[in-house]
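Examination of the molecular architecture
Listed below, chain by chain, are the residues.
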Amino acid sequence: MVIKVDDYSDVPIYMQIRNQIVMGISGGELKPGEQLPTVRALAMEMGINTMTVSKTYQILKNEGYITTDRKNGARVREEIKQSGEVSEDNKAELRRIVSEARLSGVSKSELKKMIDEYY
Amino acid sequence: MNKILGLIMFLCFVPFLIIMYFVMYPKNWKKKKTIFGVRNRSEFLDGDNSGLVDEIVKGNRKLATVILISSCIISLAFLLIPNLSAMMISFTVFIMIICVVIMLPHIKGNGEMKSLKRELGIVAGSTVRTADLKSISASHTFNILSFIIPNGVSMICLVFSILYDLKLVDVGKGLYQGSFGATVLSGVFFFQGVLFVVLAIMMDNMRNEVISQKSDVNANYNRAKKKLWSDMWLLMTWINTALLLFMVFTIVLGLSPVTVLVGATVWLVATILLMFMLTRKTSLLNEHYESEKVTEDDDDFWIYGVFYYNPKDVRLNVEKRTGIGSTVNMAHPVGKVIAAFCVLAIVFSFVMLFYVGVIEVTPLELRVDNGYVICHQLRDEYNIALEDIKEVTYVENKGDFKPIKIAGVESDNVLKGKFGVEGENDAKLFMNGKVDSYIRIKTDKTTYFINDKTNKETRKTYEEIK
């Protein structure tokens, strides 16, 4: 699974990596129980600070997407807890995307089609 | 002998230059990952653009070809210099200069490619960095166990050499015993073997390239590349160990310096062959795994396409843009130290070459002053107290006097330092090579063989000592 980081993006690097790992898990590119690289290895690979990767893993762990322990390192969680709800943050983000799409002249059906594609 | 040494230098220099030429100026740029240190991208392959890149590549390749051919022809002229030191010094300086000159078309090409990028609207600043999560840990090939045997043999050689020089083991002719020549040699080679292990680890931990959206392809490509390097370092360690064994045997058995020269030549040929093999295999590998799409644009961090300076990248070790192997990020604190060290090493080499040249042209002088025989060249080398002299003889003609250098300088004009002389336990020479007569001075511990600028002056000094 290829991840990309843009130094000049408004989104912080740790969040860019977090978002792509979440998308990878959701899209099936990262299987349940799959080993993730160590903090040091990923930092070296991306040419970023280890603290940044550490922060990403900490967030993913807190959100319940991965597990970490000293012996096995970081792994995708076998069973991700499904709340069945969209978080408040994501709702706000979705509202922003829908608003921008409407202002750009994107129809509701087109937007739904996109959601179907990504879901 | 001079001609043979010159020929060896020539035969090593030419293949090295040819390898450098083919690595830096490949004919088929479409199959290469970079063009003059600028990433090759799909935009360059489009109809009109392809023609523009072709023009840049052909123009600079032609220039490099002219440099290559003229360098090879000029280097032949150095073989005609009769004085060995003069030939060696001028040839070495020439090699250093050519290493820079052959890069000039590359530097020019790098500038032209960057301009072309701007003209095509490929704006630098898209600083996207990619990594393949799955291939990161799946592409290590370094195996420390395979390096243990060759380095173990080197270590045994080092221990043996120390014991030999301390005269705790008594084997061979013992001509060079106590000079610590074997110890220094073994130490250097052992250190080199350890350095190869460090370099192999560094190459194994080098960043993996993302050449495809498929993780398997990325993992296979990076694994193959790292395996190639790991094998290369291992082979290099074995070649090193073999030469060390040969050298130590040569020293212990007291064989002639020609034997050492033969060993060193075989080593050089093997190293060149290895370099050639590596270049060829790397090229084949890159052609086999063609890069799908370029998403990164870090060309502007590559100064002249050769030096990497990226303050935003925390990595020290990065893959070279031009040539094979890796280089350092000069924006990294350790990279800055390494770069400074390299500059110092280059300056030091030039200073040393100048110093050797001065030694070669400065005559050795003798004078008797204040109860001492003073041997002077640039500084006072030996001060022999007259009262310590047990025996002094004047020899008119060197004839069959054949000293073997243990430590010091041996050239056409100068023989200076510790030498092995038949029938003498500890012999020190201070002789102008082209002066026939010499004075033999025997003290309690050491026997000195000295002479002045001319036969007449040598005779005069002898009279003063007597």
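Quick notes on the rules
- Residues numbered from 1 in each chain as written.
- Chains lettered and ligands numbered in written order.
- Predicted model: local features only at pLDDT ≥ 70, side-chain atom pairs only at ≥ 80, totals over all residues.
- Helix = DSSP H or I, 4+ residues; strand = E, 2+ residues; numbered from the N terminus.
- Buried ≥ 20, exposed ≤ 12 C-beta atoms within 10 Å, placed from the backbone.
- Contact = placed C-beta atoms within 7 Å.
- Nonpolar A, V, L, I, M, F, W, Y, C, P; charged D, E, K, R; others polar.
- Pairing = 2+ DSSP bridges.
- Axes fitted to C-alpha atoms, helices over the stretch in contact; angles between N-to-C directions.
- Parallel < 35°, antiparallel > 145°, perpendicular 65-115°, else oblique.
- Arc of directions from axis to C-beta.
- Core = buried A, V, L, I, M, F, W, Y, C linked by C-beta atoms within 7 Å.
- Domains from an automatic or database assignment.
- Left-handed = near helix turned anticlockwise from the far one by under 90°.
- Expected span 1.5 Å × (residues − 1).

1. Things to note about the overall build of chain A
When helices and strands are tallied, chain A shows five helices and three strands. Listing the helices and strands of chain A from first to last along the sequence gives β-α-α-α-β-β-α-α. Across its three principal axes, chain A shows a C-alpha extent of roughly 50 × 35 × 25 Å. Each of the 119 residues in chain A was classed as buried or not, and the buried ones make up 24%. Considering only intrachain contacts with a sequence separation of at least 6, the fraction spanning at least 24 residues in chain A is 47%.

2. Considering the overall build of chain B
Across its full length, chain B holds 11 helices and 16 strands. Along the first, second and third principal axes, the C-alpha set of chain B runs to 90 × 45 × 35 Å. Going through the 466 residues of chain B one by one, you find that 27% of them count as buried.

3. Here's the deal with the interface of chain A and chain B
It is common to give the size of an interface as the accessible area lost on bringing the parts into contact. On the side of chain B, 21 residues touch chain A, which itself brings 18 residues to the contact. Listing elements by their share of the side of chain A that touches chain B, those giving two or more residues are strand S1 (2-6) and helix H2 (39-46) of chain A. Taken together, the residues of the side of chain A that touches chain B sort by class into 12 nonpolar, two polar and four charged. Relative to strand S3 (residues 128-132) of chain B, S1(A) is paired through five bridges, and the arrangement is antiparallel. Paired with Lys4(A) across the strands is Thr130(B), a residue of S3(B).

4. Considerations on the sheet that holds strand S8 (residues 365-369) of chain B
All names here are of chain B. Read across the sheet, three strands follow the order S8-S9-S10 without closing on themselves; strand pairing throughout is antiparallel. The two strands at the open ends of the sheet, each matched to only one other strand, are S8 and strand S10 (379-385). In this sheet, adjacent strand axes meet at a mean angle of 25 degrees when their direction is disregarded.

5. Looking at the environment of Ile144(B)
By secondary structure assignment, the location of Ile144(B) is in the loop between S3 and helix H6 (145-165). Each C-alpha atom, one on Ile144(B) and one on Ala200(B), is 9.3 Å from the other, the two residues being 56 residues apart in sequence.

6. A look at the packing of helix H3 (residues 47-77) of chain B against helix H5 (residues 104-119) of chain B
Residues and elements named next belong to chain B. At their nearest, the axes of H3 and H5 sit 9 Å apart, and the two run at 170 degrees to each other. Between H3 and H5, the angle falls in the class roughly antiparallel. Between H3, through Leu-52, Val-53, Ile-56, Asn-60, Leu-63 and Ala-64, and H5, the contact on the second element is made entirely by Pro-105, Lys-108, Gly-109, Glu-112, Met-113 and Leu-116.

7. Thoughts on helix H11 (residues 455-465) of chain B
All names here are of chain B. When we look at burial in H11, the residues that qualify are Thr-458, Thr-461 and Tyr-462. Here the buried residues of H11 occupy an arc of 105 degrees about the axis, which is enough to place them on one side. Facing away from the buried side of H11, by more than 90 degrees, are the exposed residues Lys-456 and Glu-463. Along its buried surface, H11 packs onto S8, strand S11 (391-395) and strand S15 (438-442).

8. A word on the nonpolar core
Grouped together as the largest cluster of nonpolar side chains are 34 residues, with contacts concentrated most on Val248(B), Leu429(B), Phe430(B), Met431(B), Phe449(B) and Ile450(B). If you list the elements that add at least two residues to this core, you get H6, helix H7 (181-204), helix H8 (215-253), strand S9 (372-377), strand S13 (414-420), strand S14 (427-432), S15 and strand S16 (447-450) of chain B. Among the elements that take part in this core, H8(B) stands out by supplying six residues, more than any other. Sequence-distant contacts of Ile450(B), defined by excluding residues within four places in its chain, comprise Leu366(B), Cys375(B), Phe430(B), Met431(B), Tyr438(B), Ile439(B) and Ile441(B). Core analysis: the second largest hydrophobic core is formed by 28 residues, Met1(A), Val39(A), Ala43(A) and Met46(A) among them.

9. So, the domain arrangement of chain A
Split into domains, chain A comes out as domain 1 (13-76) and domain 2 (88-118). Between the C-alpha centres of domain 1 of chain A and domain 2 of chain A the distance comes to 28 Å.

10. Quick look at the sheet that holds S13(B)
Within a beta sheet, neighbouring strands are joined by backbone hydrogen bonds and run either parallel or antiparallel to one another. All names here are of chain B. As summarised here, the arrangement of the six strands in space is S11-S15-S16-S14-S13-S12, forming an open sheet in which the pairing is mixed. With partners counted over all chains shown, the strands left at the sheet margins are S11 and strand S12 (404-410), one partner each. Strand-to-strand twist in this sheet, taken as the mean axis angle between neighbours without regard to direction, amounts to 15 degrees. As judged from the five bridges shared by S11 and S15, these two strands associate in the antiparallel manner. Of the residues in S15, the one forming a bridge with Tyr-394 is Ile-439.

11. Some details on the environment of Gln16(A)
Counting through the fold element by element, Gln16(A) comes out in helix H1 (residues 13-27). Along the sequence, Gln16(A) and Val5(A) sit 11 residues apart, while their C-alpha atoms lie 6.4 Å from each other.

12. Focus on the packing of helix H4 (residues 84-101) of chain B against helix H10 (residues 333-361) of chain B
Residues and elements named next belong to chain B. Running from amino to carboxyl end, H4 crosses H10 at an angle of 160 degrees, the nearest separation of the two axes being 10 Å. With respect to H10, the axis of H4 lies roughly antiparallel. You can see that H4 and H10 cross each other, and the crossing is left-handed. When H4 is examined against H10, the residues Ser-85, Ala-86, Ile-89, Thr-92 and Val-93 are found in contact with a partner set consisting of Leu-353, Val-356, Gly-357 and Glu-360. Partitioning the contact of H4 with H10 into residue classes produces five nonpolar, three polar and one charged.

13. Observations regarding H8(B)
Here H8(B) contains 39 residues, and its C-alpha end-to-end distance of 57 Å stays within 8% of the 57 Å for a straight helix at 1.5 Å per residue. Note on H8(B): the residue one or two positions beyond its end, Gly254(B), has a positive phi of about 65 degrees.

14. Some words on unusual backbone geometry
In most cases, non-glycine residues show a negative phi, while peptide bonds are predominantly trans. All names here are of chain B. Non-glycine residue Phe-36 carries a positive phi angle of around 50 degrees. As for its placement among the helices and strands, Phe-36 is situated in the loop between strand S1 (34-35) and strand S2 (38-39). Its identity as a non-glycine residue notwithstanding, Tyr-304 has a phi of 55 degrees, on the positive side. Residue placement: Tyr-304 occurs in the loop between strand S4 (302-303) and strand S5 (307-308). Take Tyr-304: there are 18 C-beta atoms within 10 Å of it, and that puts it in the partly exposed class.

15. Describing the environment of Val395(B)
All names here are of chain B. Among the structural elements, Val-395 can be located in strand S11. Each C-alpha atom, one on Val-395 and one on Phe-449, is 9.9 Å from the other, the two residues being 54 residues apart in sequence. In this view, Val-395 contacts Ser-437, Tyr-438 and Arg-440; residues no more than four positions away in its chain are not counted.

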